Structures are given as C-alpha cells and as structure tokens.
Amino acid sequence: MTDSKYFTTTKKGEIFELKAELNSDKKEKKKEAVKKVIASMTVGKDVSALFPDVVNCMQTDNLELKKLVYLYLMNYAKSQPDMAIMAVNTFVKDCEDPNPLIRALAVRTMGCIRVDKITEYLCEPLRKCLKDEDPYVRKTAAVCVAKLHDINAQLVEDQGFLDTLKDLISDSNPMVVANAVAALSEIAESHPSSNLLDLNPQSINKLLTALNECTEWGQIFILDCLANYMPKDDREAQSICERVTPRLSHANSAVVLSAVKVLMKFMEMLSKDLDYYGTLLKKLAPPLVTLLSAEPELQYVALRNINLIVQKRPEILKHEMKVFFVKYNDPIYVKLEKLDIMIRLASQANIAQVLAELKEYATEVDVDFVRKAVRAIGRCAIKVEQSAERCVSTLLDLIQTKVNYVVQEAIVVIKDIFRKYPNKYESVIATLCENLDSLDEPEARAAMIWIVGEYAERIDNADELLESFLEGFHDESTQVQLQLLTAIVKLFLKKPTETQELVQQVLSLATQDSDNPDLRDRGYIYWRLLSTDPVAAKEVVLAEKPLISEETDLIEPTLLDELICYIGTLASVYHKPPSAFVEGSRGVVHKSLPPRTGSSESAESPEAAPSAGQAAEQPAVIPAQGDLLGDLLNLDLGPPVSGPPLAASSVQMGAVDLLGGGLDSLLRSDVGGSPAMGGSGFTAPGPAAPAAMGAPLGSGLGDLFDLTGGVGTLSGSYVAPKTVWLPAMKAKGLEISGTFSRQVGSISMDLVLTNKALQVMSDFAIQFNRNSFGLAPAAPLQVHAPLAPNQSVEISLPLNTVGSVMKMDPLNNLQVAVKNNIDVFYFSTLYPLHILFVEDGKMERQMFLATWKDIPNENEAQFQIKDCSLNADAVSSKLQGSNIFTIAKRNVEGQDMLYQSLKLTNGIWVLAELRIQPSNPSFTLSLKCRAPEVSQYVYQAYDAILKN
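Looking at an unreviewed UniProt entry, the protein chain carries the name AP complex subunit beta, with the source organism given as Phasianus colchicus. The protein chain has a UniProt comment under Sequence similarities (unreviewed entry) that states "Belongs to the adaptor complexes large subunit family."

Draft legend 1. Looking closely at the overall build of the protein chain. Looking only at helices and strands, the protein chain has 41 helices and 13 strands in total. Sorting the 948 residues of the protein chain into buried and exposed places 51% on the buried side. With the model as given, the accessible surface of the protein chain reaches about 44100 Å², and the carbon-plus-sulfur share is 52%.

Draft legend 2. View of the nonpolar core. Formed by 217 residues in total, the largest nonpolar core has its most connected members in Tyr72, Val244 and Phe418. Composition of this core by domain shows at least three residues from each of domain 1 (346–436) and domain 2 (441–543). Among residues more than four places away in sequence, those in contact with Phe418 are Tyr425, Glu426, Val428, Ile429, Leu432, Trp450, Ile451 and Tyr455. By size, the runner-up hydrophobic cluster in this structure holds 63 residues, among which are Trp725, Ile747, Phe773 and Leu775.

Draft legend 3. Broad picture of unusual backbone geometry. Residues Asp809 and Pro810 are joined by a peptide bond in cis, for which omega reads -5°. The topology assignment puts Pro810 in the loop between β6 (792–800) and β7 (813–819). For Val744, which is not a glycine, the phi torsion comes out positive at approximately 40°. Positionally, Val744 belongs in the loop between β2 (734–743) and β3 (746–755). Positive phi, close to 60°, is recorded for Asn790, a residue that is not glycine.

Draft legend 4. Main features of the packing of helix α20 (residues 332–345) against helix α22 (residues 367–383). Between α20 and α22, whose axes approach to 10 Å, the crossing angle comes to 5°. Looking at the two axes, α20 sits roughly parallel to α22. Contacts from Ile332, Lys335, Leu336, Leu339, Asp340, Ile343, Arg344 and Leu345 in α20 reach Asp368, Phe369, Lys372, Ala373, Ala376, Arg379 and Lys383 in α22. Of the residues in the contact of α20 with α22, the class split is eight nonpolar, no polar and seven charged.

Draft legend 5. Up close: the sheet that holds strand β9 (residues 860–865). What the five strands build is an open sheet, ordered β9-β13-β12-β11-β10; its pairing is antiparallel. Each edge of the sheet is formed by a strand with only one pairing partner; in this case those strands are β9 and β10 (885–892). Averaged over all adjacent pairs, the angle separating strand axes in this sheet is 20°, with direction ignored. Pairing geometry for strand β11 (residues 895–903) and strand β12 (residues 909–916), over eight bridges, is antiparallel. Note that in β12 the partner of Asp896 across the bridge is Ile916.

Draft legend 6. Broad picture of the packing of aromatic side chains. Under the counting rule described, the total for this entry stands at 12 aromatic pairs. Ring geometry for Phe848 versus Trp852: centroids 6.0 Å apart, planes at 20°, classification stacked. Note that Phe848 and Trp852 are positioned in helix α39 (residues 845–854) at a spacing of four residues, about one turn of the helix. Accessibility expressed as a relative area gives 18% for Trp852, which makes it buried. Three or more aromatic residues joined by ring pairs form one cluster here, namely Trp725, Phe740, Phe827 and Tyr831.

Draft legend 7. How the structure looks around the sheet that holds strand β8 (residues 824–830). Spatially, β4-β7-β8 is the arrangement adopted by the three strands of the open sheet, whose pairing is antiparallel. Bordering the open sheet on either side are β4 (765–768) and β8, each of which pairs with just one other strand. This sheet shows a mean twist of 25° between the axes of neighbouring strands, independent of strand direction. Sheet topology note: the β4/β7 ladder contains four bridges and is antiparallel. Residue pairing across strands places Gln767 opposite Ala817, the latter belonging to β7.

Draft legend 8. A look at a negative patch on the surface. Taken together, the side chains of Glu464, Glu467, Glu471 and Glu501 make up a negatively charged region of the molecular surface. You can see Glu467 is positioned in helix α27 (residues 462–470).

Draft legend 9. Here's a closer look at the pattern of salt bridges. With the rule as written, the count across this model stands at 37 salt bridges. Where Lys261 meets Asp224, a salt bridge forms, and the shortest distance between an N and an O atom there is 3.1 Å. With Lys261 in helix α17 (residues 253–267) and Asp224 in helix α15 (residues 216–227), the pair connects residues that are 37 residues apart, well separated along the chain. Taking relative accessible area as the criterion, Lys261 reaches 5% and is therefore assigned buried. Asp397 is the partner of Lys359 in a salt bridge, and the nearest nitrogen-oxygen pair spans 3.2 Å. Pair noted here: Lys359 is in helix α21 (residues 351–361) and Asp397 is in helix α23 (residues 388–400), with a separation of 38 residues, a long-range link. What emerges from the salt-bridge pattern is a single network uniting Arg371, Arg375, Glu409, Glu441 and Glu443.

Draft legend 10. Seen up close, helix α7 (residues 100–112). Over its 13 residues, α7 runs 19 Å from end to end, which matches the ideal 18 Å to within 8%, given 1.5 Å per residue. When we look at burial in α7, the residues that qualify are Ile102, Arg103, Ala104, Leu105, Ala106, Val107, Thr109, Met110 and Gly111. Tucked inside the fold, the buried residues of α7 contact α4 (63–76), α6 (88–94), α9 (123–130) and α10 (135–151). One side-chain oxygen of the residue at the start of α7 lies 2.9 Å from the amide nitrogen of Leu101, identifying that residue as Asn99.

Draft legend 11. A look at the environment of Gly733. Considering the arrangement of structural elements, one finds Gly733 in the loop between β1 (723–726) and β2. Sequence spacing of Gly733 and Asn755 is 22 residues, and the spatial spacing of their C-alpha atoms is 6.0 Å. When residues no more than four places from it in sequence are discounted, the contact partners of Gly733 are Ala728, Thr754, Asn755, Lys756, Ala757 and Met761.

Draft legend 12. Quick look at the pairing of β6. Sheet analysis places β3 next to β6, joined by eight bridges and oriented antiparallel. Looking at β6, one finds that Thr754 is bridged to Ser792. Here strand β5 (residues 776–777) pairs with β6 via two bridges, running antiparallel. Across the sheet, residue Pro777 finds its bridge partner in β6, namely Leu799.

Draft legend 13. Examining the pairing of β3 more closely. Burial analysis of β3 places nine of its 10 residues in the buried class, the great majority of the element. Looking at chain direction, β2 and β3 are connected through 10 bridges and run antiparallel. Each bridged residue has a counterpart across the sheet, and for Ser741 the counterpart in β3 is Ser748. Hairpin geometry of β2 and β3 is characterised by an intervening segment of two residues between the two adjacent antiparallel strands and by a positive phi of about 40° at Val744.

Draft legend 14. Molecular detail of the confidence of the model for the protein chain. Of the residues in the protein chain, 84% have a pLDDT of 70 or more, and the chain-wide mean is 80. Low confidence marks residues 598–715, where pLDDT is under 50. Its contacts with residues over four positions away, or in another chain, come to 187 contacts.

Draft legend 15. Structural detail: the packing of α10 against helix α13 (residues 174–190). Their axes nearest at 8 Å, the elements α10 and α13 cross at an angle of 5°. Comparing their axes, α13 and α10 come out roughly parallel. Within the contact between the two elements, α10 uses Pro135, Arg138, Lys139, Ala142, Val143, Val145, Ala146 and His149 and α13 uses Met175, Val176, Asn179, Ala180, Ala183, Glu186, Ile187 and Ser190.

Draft legend 16. The arrangement of α22 in detail. Between the first and last C-alpha of α22 there are 24 Å, a value that for 17 residues agrees with the 24 Å anticipated at 1.5 Å per step. Burial within α22 is extensive, with 12 of its 17 residues counted as buried. Looking at α22, one finds that the buried residues are Phe369, Val370, Ala373, Val374, Ala376, Ile377, Gly378, Arg379, Cys380, Ala381, Ile382 and Lys383. Taken together, the buried residues of α22 touch α20, α21, α23 and α24 (404–420).

Draft legend 17. Structural context of the side chain of Ser901. Inspection of the secondary structure assignment puts Ser901 in strand β11. Given the relative accessible area of 0%, Ser901 is considered buried. Side-chain polar atoms of Ser901 contact the backbone nitrogen of Met843, separated by 3.1 Å. Look past the residues within four positions of Ser901 in its chain and what remains in contact with it is Gly841, Lys842, Met843, Phe848, Asn883, Ile884, Phe885, Ile887, Trp909, Val910 and Leu911.

Reading guide: rules and limits
Residues numbered from 1 in each chain as written. Predicted model: local features only at pLDDT ≥ 70, side-chain atom pairs only at ≥ 80, totals over all residues. Heavy atoms only, no water. UniProt positions renumbered as here; feature names shortened; annotations may be inferred. Helix = DSSP H or I, 4+ residues; strand = E, 2+ residues; numbered from the N terminus. Buried < 20%, exposed > 50% of the residue type's maximum accessible area, 1.4 Å probe, protein only. Areas by Shrake-Rupley, 256 points an atom, 1.4 Å probe, with all protein chains shown as cover. Core = buried A, V, L, I, M, F, W, Y, C linked by side-chain atoms within 4.5 Å. Domains from an automatic or database assignment. Contact = heavy atoms within 4.5 Å. Axes fitted to C-alpha atoms, helices over the stretch in contact; angles between N-to-C directions. Parallel < 35°, antiparallel > 145°, perpendicular 65-115°, else oblique. Nonpolar A, V, L, I, M, F, W, Y, C, P; charged D, E, K, R; others polar. Pairing = 2+ DSSP bridges. Phe/Tyr/Trp six-rings, centres within 6.5 Å; stacked < 30°, edge-to-face > 60°. Patch = residues over 30% accessible without salt bridge, like charges linked within 9 Å, V, L, I, M, F, W, Y side chains within 5 Å. Salt bridge = Lys/Arg side-chain N within 4 Å of Asp/Glu carboxyl O. Lys, Arg positive; Asp, Glu negative; His and termini not counted. Charge placed at Lys NZ, Arg CZ, Asp CG, Glu CD. Expected span 1.5 Å × (residues − 1). Polar contact = N/O pair within 3.5 Å; in protein donor to acceptor, adjacent residues only side chain to side chain. pLDDT = per-residue confidence, 0-100.

Right under this line is the structure:
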C-alpha cells in the first residue's frame, strides 16, 4: 500500500465546492452559494478566484441575487479590472431592463466601480438613465454623475453630463431635484472656480417648491444650496425666509440647523425696522430650544451652534435663559457649553437668576465645572455693572469655603474686577492676602502678585509678601516671574526707600540668572528706565491702565460671520473655518455673510483693514535717530566679552555713573517723599564704588558703558560734510552733529555739540553699542569747560576697532549713547566704510590674479557709478587718497580697465575692476570679496569718494 492516500482527499476545498455550487442549475442553490461567497468576502477571505463564476450569475431576473452579485463586483472590480470588463455587457443590458429597480441598481453599481477602463463604456447607459421616465432611476443617475466626475472629471465634462444635471434641477420630481443639487454641489466643491450652480430667482423658486416634498436629506441639500445664494434685494431675501421658515419645525435636527443657517444669512439683508424681522427673531427661538431636549451628543452640537448664534444675535434667545441652566445629569461637556451661553445671555434683567444658579454650581463636585462657574461669576460682574457688588460678595463667600481651587479661581477673577472697576472693591484685598500661602497654580499666583504690586501703597507689608515669592524665583513659571518683576518695580517706584535691595535682587535674578529671553528683556528695559529716566519709568510702569472689556473670548467678527455660513457643519462645532482642519485646498471656499442693507451698520472688518495695510507698507529701516525703543531693542546687553578689566584709570577718564545718577535722582525726587539716599544703592562699577549691585552692573551693563582706554594703532581721505545726528528737540536741548574721518591711519569722529537748552551742560561721556567692525571710542569725550546755553564746541574723538563685534543691519549702523548732567541720550548713525580702508591694502599683482580666480563667481557684484566725468588717472589718484590702490591698468577696445584692491580693518580683502569709457559718464564697478555682504557698502564708498 503506497502513502499517496495521505496526499489525496475527497474534499476538494471550500473554493472548489463554491465554484461547483455557483455553476449549479438550481436557482436556490446558486443563490445560497452567492450568499456564502459574500459571507466569506465580508469576513476578509479572498474569494476573487470565483470572479468569472459569480459574474455568470448576473444573468438572472431575481433581484435579490442580482444585488448580491453587484455587491461582489463592487468589492473586487478594483483588484480584477480585466475581469470586470466582462460585466459591462450585463450593465448595459440591465440599464434597459423593464424593471426600474434593476435599471437603478445597474447605474448605482456602475458608479461604484472605480476602474478607468470601464468608465467610457458606462457613458451611454448613464445618459439613457439620466433621461429615464422613472424618477427613481433619474435620481440614482444624478448621484452617479458626481461619482463619475470624481473618477474622470474631463470625461464627464466632454460627455455633457453637467448640462443634463443642471436640467434636472427643473425636474418635476422633488427627489430628483434634491439629488441633482447634491451632485452639483459636490462637483462644485472640488472645482470652486466653475460656476455650476448658477442660481437665479427662477431656479431658486423651483428649489423652494421641491423643498416641501423631498426627504429630509434632500431638504438639507437644497437648504445648503440656498444658503450659497445671494438675493438681489431685501424683498427677495424676505420671500425666501418666509418659505424656509416652516422647515424650523422639522423633526430632524440637521434640517432645523440648515434652515437656521439660511435665515441667519438672509437676516443680514433685512432692515431691523421691519415687522417681519421681529417676527423672524421670535420664530427662531423655539426650534433652538427644542434641540436641547435631544440626547447629550446632539445637545452639544446644538449648543456649539447656539453659541455662535448668540454672539451674532443675542436678542434671539434673550428670554430663554432657563433652558441653559445645567441639569444634574448633564455630561461635563454639555455643562461647560451651557455655562458659556449663560454668560453671553446675562443681562440686567436676568442677572439675579444667573448668579443664584452660578453660586449653586460653585459647590458642585466636578472640579472643572466649579472652576468655570467661579470664572463665570467674575465675567458676570464685568459684563453687568449693577451686579458687580453682588458678584464680589459671592466670590468672598466662596473664598471663605477655603476650598483650594475655588479660592484660586476667585482670586484670578477678582483681579479682572479690579481692572474693570478701579478704586471700588479694594477693601477686599486684606481677605485675599490671607490666602496667599494656599496658592499653587501659576495663574492664581500671578494674579495675586499683580494685585499686591498694583495696590502696594495700600498694603503695609507688600514688600514682605513679594519677597516671599522671590525666594523660589527660579522654580516659578514664566508668567509668575514676569508678573513678580513688574510688581517689585511698581513697589519700588511707590516706596523707593524701603525696597531698594528687593528691586536690585529681582533685576539681578531676571537679567543674570535667567535663560528666558522675555524675562531678560523686560528686566533690562526696567533697569535702563530706572537708571536713565526715573520720571519716564514712573509714567511707563504706573500708567493708567485701560478698563478691560466685558467679553474677552468673543470670536473675531469676520471669523464669526464666516462660521455663521457654516452652521450645522463641523466648522460650527470646532469654531474654526474649514481651511483650518480640512487637508489640502480642495473644497474649501471662504464664505461670508451678505452686506447689511437698510441699516447704518457696516461690516466691522474694513475699518481695521487700512491700518493693517499701512503698517505693512512701512519698511523695516534703521530706527529713527533718538528712537529710544528702537535702540533699546537693538542695544546688546549680554555679558561682557573678555577684554581688559575696568582699570583705575577709567575713573580719572570720567567713569560715568550712568546708573547712579538716574536712581539717585529717583530717590531724591518726590516719588515717595523720602529723604535723599546719597550715593548708596546703584552706582557704577569701579574701584570708587564697592558694588551694592555687584555682579549685575559689572556684567549686565558693564560692556554697554565700558569707558576703558586703549588708543588704536590705527594720505588725506575724503571726509563727508557734517550732518545732524541728534536733534535738540529729541535730547532736551543738546544737538549733536558730526562726521567720520581717517587721517594717517587713525579714525576719528568729529563732533559739534550745541547747547540749545536754558541750562548749563557738563559731565559729558560717550559709549558705542557693539557694531559690525568693533568701532569704539579710544579715549573719553573731553569737553573741558561746561557748555553754556547757545554755545557750541567742536571735538575730535579718536576711535579704534578693538571693541565688541556684533553684525548690524545695515552693516555700517552705529548706535551711540551720550550722557551729560541732564540725561542719557541715544541715536544711531551710518558711518562711511572707507574710514575702515587700511593703508597696507595694496595687493601684489600675482596674488591679485590668483585671489580673483579663487573667489567664486557668485560672490561677484556689479554696480553702476553714474554722472562721473573724471578720467582714469584722476580716478586712480582720488581713490588712492582713501586707501583704494590701483594694481594694474589696461586699455581694452578704447575703454580703461582699473584693477584695484583694498583691505578693511578686520582683514577682509576686496578686489575691484573699474571700467571707464572716455565718452560715457557711467562707470561699471565689479567687486569680488569672500564676504559679499560688504560689497554694497564698498560701492557706496566708491560713489561718495568719486563724486566729491
């Protein structure tokens, strides 16, 4: 006996058995087999091998069997496109079947088979079905056009199906109209530019007629289509509204919301004086209220939409406050949404009711909900002034409960109440201070610190309270650190004598030890304000604050108008326009409400637009001279670069107590009515002043006003005429004009100081910010005698290039601080680059050639020097005076070519080729350099030297 019996079996396998059953002569057996195939397919088994056998079963009059076969076809046509072509003949035949259900089934399945090869065979059957006498077939064919358009848009357009679809809008059957509208809307979404739904009053009339008779989904398609129509005047808008209003009583919530969308949109065009406008408002409230009796998920969607509607037209639901009261069994997401709407609807008429409710909510167990309820009480106080007193006492009662999170939320909202009603409820501050230790959330801590800083003069131990926060400064969140910094500076300006150490400590923590750029910048700004102009510091830090508005979380008006056009869609639930969450640009068209008619209200966006435009047009140039903020933001206040330590000589050179003067004057001023503090506190670093401020001044501001010596070791070059750098009106009467020059290797800044004030000026000092080439004063600013009113003095200040380097924009920008006995002043100026061209800038010929070739061509820049009538020799000698050396000269086809080199103080070489045509006053300058950003400024130097 062989072993082959183990390898043979009488069972031929499942597929084989199914194949046999599918080819059976008995109809019942066939139907059972197809059902088994569909069952296998549903659970994920691969039954594609049976494709030809299943397709053979299509030749039947049995509708149930046909449906099953078509289901199989739809599933496997994609993976077996060649096989699917076998079924085409049956489709064509079925599309002419006497039974309309079979005709519709065929056309529906054709639309679902997404195989390119088959699509052209389906055009004829589809064309016939679009004109079929049975409306069921026509409505199915209409949707099929949209499906076909998705597979092959060009084919649909070439075959003229879109025109047939447009004709179906005039069909006698409402369901056909609805499906035609749905198909056209779908196609129009993927092709926003095509004007497919060309709506006019006649087609709108047909749609409105169909609206009453089609199914709920048909009604939604038609209403959404109506919402995209723009009536020509308010009368047409009113007649559409009248015919859409009955849909508000529909049982399906989607139909109700679509109708609300149409009405909200067209109400824009109705005048508020019309009786009909008032009637419409009354009719809109009941359906919205009814939506709130549905299950929680639907309630949530309804509430999100109502939130938008209430922001746009609060008058619709102003009498319906009670339906938004929270039920004990509402899920949290519904509770929070209802709370939001309650506050939006709160008014003088219903505030007592609302507050009683909110106080109840604040004792609930759900933490998120309680927090929101406490916030809501604060928002009511801000929104309805008459209720503020009652709200504050409610909040105080809640604070007495000592429940941690309730106390924290209450403090956050009381801060806002103080902002809204200054000098009214400050008596409660004592109660708030009692709870200081229990605060552990950043927002509550920041609010409490703000309150202490803002009302420091009313709190006896304000400095102790703030100092307690300062102990763990680095562990606090940024929000708290920023608030603490501001509060302590406020406290210092109100009580300078007692809090000097505290302010030094916080400024040091913020600027020295912090990594956060926002905190550092704010620290430096306060530092410089306090040190340079205490009066200005007071005006800035203790300025009157604008009252806060009642609704801080309203949606921006233009976005709200867009979202109203999307009521009943995902956009209205997310409160975001579709472009924010739909991937790709497809199908996202920005919608907006029609312009208001018959009313003086205009859209709110146009007013905002011009200012934005103007702001955008202003170029970002170098800050205006004397523009303090521009300089503040650009002056670099980092730790010092390694350089010579502050020598004792700096004191003789007039080590400027730039900070000491400022804060002393603050302490002597009548800020706190305190006696003069003498020199203690903030004094400039140096041997003469042991640092009370220590590190912060030495490092933070040291390099800004680091007046160390060290004269630089750096042919009569061109000197530009003096210009006014700092006008008297920007510098309390001090006018500074000047220019830069280079003589025999040394650079100088030639200044004229003019006193246009009525008092004597003395104690002058100067400091440069870091700049692109390290320019710095090589000696102090020597003004030997005090400068009397209306007197000028000329000074030549030697400069060197060993200062700190930082790339500026523009490259030749120099920011300068000048101090005298009155104040510190800031200005910025542009220096000509040729003052940096050194005397040993002549390159060897061979070296020149090798370097020119070595520098890549993309580093070459070309410029035109216009209106210059010098010949080559005159040009050469003029440029040599400013250290631009001619290495070679050639004459090519009648034009002179000068090859030149120059070297900057930082060692950068620039190579030039200058073409001069005897008859042409325009020269062509080609520059090559390893640092191509320099070329533009070298060209400006050439231009200035040759034309003067």
